[in-house]
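The primary structure of each chain is shown beneath.
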Amino acid sequence: MSLERIQARLTEVRGIDPASLSRVGMKAAVRRRMKALGIEALGHYADRIVIDAAEFERLVSAVLVHETSFFRYPASYELLAQAGVRRTDEDPRAVIRVGCVASSTGEEPASVVMALVEAGVPPERVHVDASDVSDRAVEYARKGRYRRRGVNRLSEERRRRWFELEGDRYRLRRRVRDRIRTTQADALAPSFGLGAARYDAIFCRNLLIYLVPEARVKLLETLVRMLRPDGLLFLGHAEVSAARAMGMAMETPAAAFACRRVVRPEPLPAPKPATKPAPPL
């Protein structure tokens, strides 16, 4: 029964759908957190996450899969680069603003910077806001130090241009890190995104799939509000249908998993009814 209490808390506070989580994986995540705290009774841990907000966030981070890599879904970055070049050609003073929601350990926002600059967008015209609910992921991303295995998947040219060896890790060069602002934030919080300038593109990969329908719609509405009218929303491959159900149009190529808001023309005013001439006296 205590596991159900924990699942209910995840749904109540974070909108996480228990059906989206493996029961085995859920149990394993809870047991790891209990062991870390020295708690033996499941009921005691269920009580703990109610009164300890920091521990609740650690559990959220533990149950969600933080799968990410550099240039994941390459077609997405090609589409983003084309849009960025087009906008800076039209307005040389434009700043290309990109948001990365649930950005995990930072590979995604780094790929955004690299893709735009490689395409010819001046680095000073690139600004990326990255956020994640996990304080550990945010700290990792800010350091910008990555295991060789992940970086070695990139071409040798990219490794030389954007990374430097630092001990047994590759570190992102400062000219990439300086274009990214990474913060800890809850994308489902009422204040998320309020007051921010509109983004040319937002990446939100594989967060929607964990949410109950109400939370999914709420998050999508927030993301759309944060976009420029012609902005691109990049989602996971299983999430595009949710955006289309809200009236967004899928962009080509399909492998980019990107949607754009459909801007409908303002309806023409209804014609005024014809007035009959006054009858003669």
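What you are looking at is a predicted structure, and each value in this text was computed from that prediction instead of being measured. (Residues numbered from 1 in each chain as written. Predicted model: local features only at pLDDT ≥ 70, side-chain atom pairs only at ≥ 80, totals over all residues. Heavy atoms only, no water.)

## So, the packing of helix H1 (residues 2-14) against helix H2 (residues 23-37)
Reasoning step 1: Viewed as axis vectors pointing N to C, H1 and H2 meet at an angle of 95 degrees, and their least axial separation amounts to 12 Å. One way to sum up the angle between H1 and H2 is to call them roughly perpendicular. Residues Leu-3, Glu-4, Ile-6, Gln-7 and Leu-10 of H1 pack against Arg-23, Met-26, Lys-27 and Val-30 of H2. (Axes fitted to C-alpha atoms, helices over the stretch in contact; angles between N-to-C directions. Helix = DSSP H or I, 4+ residues; strand = E, 2+ residues; numbered from the N terminus. Parallel < 35°, antiparallel > 145°, perpendicular 65-115°, else oblique. Contact = heavy atoms within 4.5 Å.)

## Looking at the sheet that holds strand S3 (residues 145-147)
Reasoning step 1: Taken in spatial order, the three strands line up as S3-S5-S4 in an open sheet, and their pairing is antiparallel. In the strand order of this sheet, the two ends are held by S3 and strand S4 (163-166), each with one partner. On average, adjacent strands in this sheet sit at an angle of 40 degrees to one another, irrespective of strand direction.
Reasoning step 2: With four bridges joining them, S4 and strand S5 (residues 169-172) adopt antiparallel strand pairing. Within the sheet, the bridge partner assigned to Glu-166 lies in S5 and is Arg-169.
Reasoning step 3: Sheet contacts for helix H7 (residues 135-143): S3 and S5; angle to S3, the most-contacted strand, approximately 100 degrees. (Pairing = 2+ DSSP bridges.)

## Observations concerning the packing of H1 against helix H3 (residues 42-51)
Reasoning step 1: Running from N to C, H1 and H3 point in directions that differ by 15 degrees, and their axes come no closer than 8 Å. The orientation of H1 with respect to H3, classified from their angle, is roughly parallel. Where H1 crosses over H3, the handedness of that crossing is left-handed. Residues Ser-2, Leu-3, Arg-5, Ile-6 and Arg-9 of H1 pack against Leu-42, Gly-43, Tyr-45, Ala-46, Asp-47, Ile-49 and Val-50 of H3.
Reasoning step 2: Residues of the contact of H1 with H3, tallied by class, amount to seven nonpolar, two polar and three charged. (Left-handed = near helix turned anticlockwise from the far one by under 90°. Nonpolar A, V, L, I, M, F, W, Y, C, P; charged D, E, K, R; others polar.)

## Section: the environment of Ala-29
Reasoning step 1: Among the structural elements, Ala-29 can be located in helix H2.
Reasoning step 2: Judged by its relative accessible area of 0%, Ala-29 is buried.
Reasoning step 3: In sequence terms Ala-29 and Ser-2 are 27 residues apart; their C-alpha atoms lie 14 Å from each other.
Reasoning step 4: Ala-29 has contacts with Ala-62 and Val-63, leaving out every residue within four places of it along the chain. (Buried < 20%, exposed > 50% of the residue type's maximum accessible area, 1.4 Å probe, protein only.)

## Considerations on the side chain of Asp-200
Reasoning step 1: Within the secondary structure, Asp-200 is located in strand S7 (residues 199-204).
Reasoning step 2: According to the relative accessible area criterion, Asp-200 is buried, its value standing at 13%.
Reasoning step 3: For Asp-200, the side chain forms a polar contact with the side chain of Arg-228, separated by 3.2 Å.
Reasoning step 4: Beyond its immediate chain neighbours, meaning those up to four positions away, Asp-200 contacts Arg-87, Val-95, Ile-96, Arg-97, Leu-227, Arg-228, Gly-231 and Leu-232. (Polar contact = N/O pair within 3.5 Å; in protein donor to acceptor, adjacent residues only side chain to side chain.)

That is the geometry; function is a separate question.
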